[in-house]
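Chain by chain, the residues:
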Amino acid sequence: MGSPVVHNSADARVRALLARSPLIDGHNDLPWALRERTGPDPRAAVTGTDLTVEQPDLHTDLIKLRRGQVGGQFWSVYVPAQFEGHAAVTAVLEQIEIVHALIDRHPDHLALATTADQAESVFASGRTASLLGAEGGHCIAESIGALRALHRLGVRYMTLTHNDSIAWADSATDDPRAGGLSDFGEEVVAEMNRLGMLVDLSHVADTTMNAALDVSAAPVVFSHSSCRAVTDHPRNVPDDVLERLPGNGGVVMVTFVPRFVSTAIADWDTELAEAMAAAGEKHADLAARERFLASWSGRDRQPEATSADVVAHLEHAREVVGIDHVGIGGDYDGCARLPRGLADVGTYPALFGLLLDRGWSEADCEKVAGRNVLRVLRSAEEVARAHS
């Protein structure tokens, strides 16, 4: 018998780490990317793209998920703020159906998970645990009944706003309407606690972050936000809010969106926002932004973010909140460009290799990869059981 092969490289250590401990990403917009290809019919969205082969125009497909060793994914069931009232409710139901149909179509790769235990069981089976997160509280059309229905359909977090403020919660990228959270907003948070649905504070204003932390009986998440002290962008979390997370038990899931992790790109994005405002366009409208950017004179001056920028945010978050309160929320297929070195979901091992190279322990990497968010999900489930 030959001598055993000893793997000392960071790559081998990462592969072994992610094989034994699940990487659970907080936010992926593949369902909306598929809808944009085919239209709102969920069946067409799922059958119109073969995810069993690599899709160069997508950040996510089944091949890349395997390459990235993604053990669990919160699929975003996103609804743009332009959808209002019943149209928003219809759209979120269509997005939920896309995720369920994807799971049904690819049972060897994906399986639904609605609890932390189920997520770990699916991971142990060699598949990607598929969780659902609703992005934008406008999708419940101010109906607690609609919120309960989303939970029944498998949604396990809701981002209180998207880019626009709503009647009951203020967004980070719009003028305030609620003064943080209205009385109804506090009722929504309380009901989410009762259901075991995570309160997601990405996209919300600082006042909303603090108001939700004041009233939530369960740990919160930031499903895809980075650190404002590193990159001064309103979508990032300020240190005074990060410092509250250990007391709440929550997790900030550092995102890869270039303008949130690179100061140079954030400054370029501010210039873009000013140009759009001068032209009467709204920067927070993602579709309008893409249209404007296509012909804007500053388009080619956009700087490039790198994986080192993301590491800087992870290390700042670890310093401020402690290793037990940091996670990952890439926002793949939710933005046009990603940092160099993190081009798609298949590159997650490279990121954790960088962390190991910088002296992070394997135990700490396991916490950031998925153990922390699993703990938060279990805590939310315990709070819900206490309410039942």
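Criteria and thresholds
- Residues numbered from 1 in each chain as written.
- Predicted model: local features only at pLDDT ≥ 70, side-chain atom pairs only at ≥ 80, totals over all residues.
- Heavy atoms only, no water.
- Helix = DSSP H or I, 4+ residues; strand = E, 2+ residues; numbered from the N terminus.
- Buried < 20%, exposed > 50% of the residue type's maximum accessible area, 1.4 Å probe, protein only.
- Contact = heavy atoms within 4.5 Å.
- Salt bridge = Lys/Arg side-chain N within 4 Å of Asp/Glu carboxyl O.
- pLDDT = per-residue confidence, 0-100.

**Describing the environment of Leu 356**
Okay, step 1: Counting through the fold element by element, Leu 356 comes out in helix α16 (residues 348–357).
Okay, step 2: Under the relative-accessibility criterion, Leu 356 is labelled buried at 7%.
Okay, step 3: For the pair formed by Leu 356 and Ala 111, sequence separation is 245 residues and the distance between their alpha carbons is 30 Å.
Okay, step 4: Beyond its immediate stretch of four places on either side in the chain, Leu 356 contacts Ala 10, Arg 13, Val 14, Ser 361, Glu 362 and Cys 365.

**Quick word on the pattern of salt bridges**
Okay, step 1: One pass over the structure, following the stated rule, counts 21 salt bridges.
Okay, step 2: A salt bridge links Lys 64 to Asp 61; the nearest nitrogen and oxygen atoms lie 2.4 Å apart. The burial state of Lys 64 is the same as that of Asp 61; both residues are buried.
Okay, step 3: Residue Asp 117 is joined to Arg 378 by a salt bridge in which the shortest nitrogen-to-oxygen separation is 2.8 Å. Of this pair, Asp 117 sits in helix α6 (residues 116–124) while Arg 378 sits in helix α17 (residues 362–387); the two residues are 261 residues apart in sequence, bridging distant segments of the chain.
Okay, step 4: Exposure remark for Asp 117: the relative accessible area of 52% places this residue in the exposed category.

**Here's the deal with the confidence of the model for the protein chain**
Caution applies to low-pLDDT regions: their predicted coordinates should not be interpreted in detail.
Okay, step 1: Scored by pLDDT, the protein chain comes out at a mean of 95, with 98% of its residues at no less than 70.
Okay, step 2: Across residues 1–8 the pLDDT falls below 50, and counting only partners more than four positions away or on other chains, this stretch makes two contacts in the model.

**With respect to the environment of Asp 232**
Okay, step 1: Tracing the backbone shows Asp 232 in the loop between β7 (221–222) and α10 (239–242).
Okay, step 2: For Asp 232, a relative accessible area of 65% corresponds to the exposed category.
Okay, step 3: For the pair Asp 232 and Asp 267, spaced 35 residues apart in sequence, the C-alpha separation works out to 8.9 Å.

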